[in-house]
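# Survey of secondary and tertiary structure
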Amino acid sequence: MKSLKITINKERVYEEVAQTTSYTGAKMEGDSSAYDRIFTTDADRSQLERFWAESCAAVCEGMKKHLGATEERAEGFVIDLELSSSYDDTLSDALRKDMESFFVMNITGKWFSFTNKPESGAYAEAAASFMDGARRKACFKKKPRRPVYE
């Protein structure tokens, strides 16, 4: 078995959520209150914390086949994955990015269910797609190579 430790940085996720909600609110045409309604601020932090906790639980559920230890730290969520000894290590960065993108899309989708309902479904679908991608990468195994003898 191989072990892969992934840390999802909470502040980086919240920054991405803020950028996404800011951009979305600024680009809405015909709704002068969209920016103020959609953009996440520090005052929204307690609600975002709830969505963060739900996202942590969703990752544990989605990756339960490979789940080792998990830990909530000041810098974020740490998950240890137990992978096949044939796991392709070259996928590790992409797997990390899929998980981080899952957090961003999942939190944004949940936020949009309050503030921008028409787009919340698309973000929920994107989050599910990133989780599926992470699962597929975690299950991928390198093809065995036969030894070459001289």
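As a reminder, the structure under discussion sits directly above these lines.
All values derive from a computational prediction rather than experimental measurement. (Residues numbered from 1 in each chain as written. Predicted model: local features only at pLDDT ≥ 70, side-chain atom pairs only at ≥ 80, totals over all residues. Heavy atoms only, no water.)

Now for the overall build of the protein chain. Of regular secondary structure, the protein chain possesses five helices and three strands. Secondary structure elements of the protein chain occur, N-terminal to C-terminal, as β-α-α-α-β-β-α-α. The dimensions of the protein chain, computed from C-alpha atoms along their principal axes, are 75 × 30 × 20 Å. The buried share among the 150 residues of the protein chain stands at 40%. (Helix = DSSP H or I, 4+ residues; strand = E, 2+ residues; numbered from the N terminus. Buried < 20%, exposed > 50% of the residue type's maximum accessible area, 1.4 Å probe, protein only.)

Quick look at the packing of helix α1 (residues 10–27) against helix α3 (residues 45–62) now. Between α1 and α3, the shortest axis-to-axis distance is 12 Å and the interhelical angle comes to 115 degrees. In this structure, α1 meets α3 at a crossing whose hand is right-handed. Packed against α1, whose contacting residues are K10, E11, V13 and Y14, the element α3 presents R45, L48, E49 and W52 at the interface. Tallied by class, the residues present in the contact of α1 with α3 amount to four nonpolar, no polar and four charged. (Axes fitted to C-alpha atoms, helices over the stretch in contact; angles between N-to-C directions. Left-handed = near helix turned anticlockwise from the far one by under 90°. Contact = heavy atoms within 4.5 Å. Nonpolar A, V, L, I, M, F, W, Y, C, P; charged D, E, K, R; others polar.)

Moving on: the sheet that holds strand β2 (residues 67–73). If you walk across this open sheet you meet the three strands as β1-β3-β2, and the pairing is antiparallel. One side of each edge strand has no neighbouring strand; the edge strands of this open sheet are β1 (2–9) and β2. Put simply, the sheet's adjacent strands are angled 15 degrees from each other on average, direction ignored. Pairing of β1 with strand β3 (residues 76–83), which is carried by eight bridges, proceeds in the antiparallel orientation. Bridge pairing in β3 places I6 opposite I79. Sitting on the sheet, helix α4 (residues 92–115) is in contact with β1 and β3, with an inclination near 40 degrees to β1. (Pairing = 2+ DSSP bridges.)

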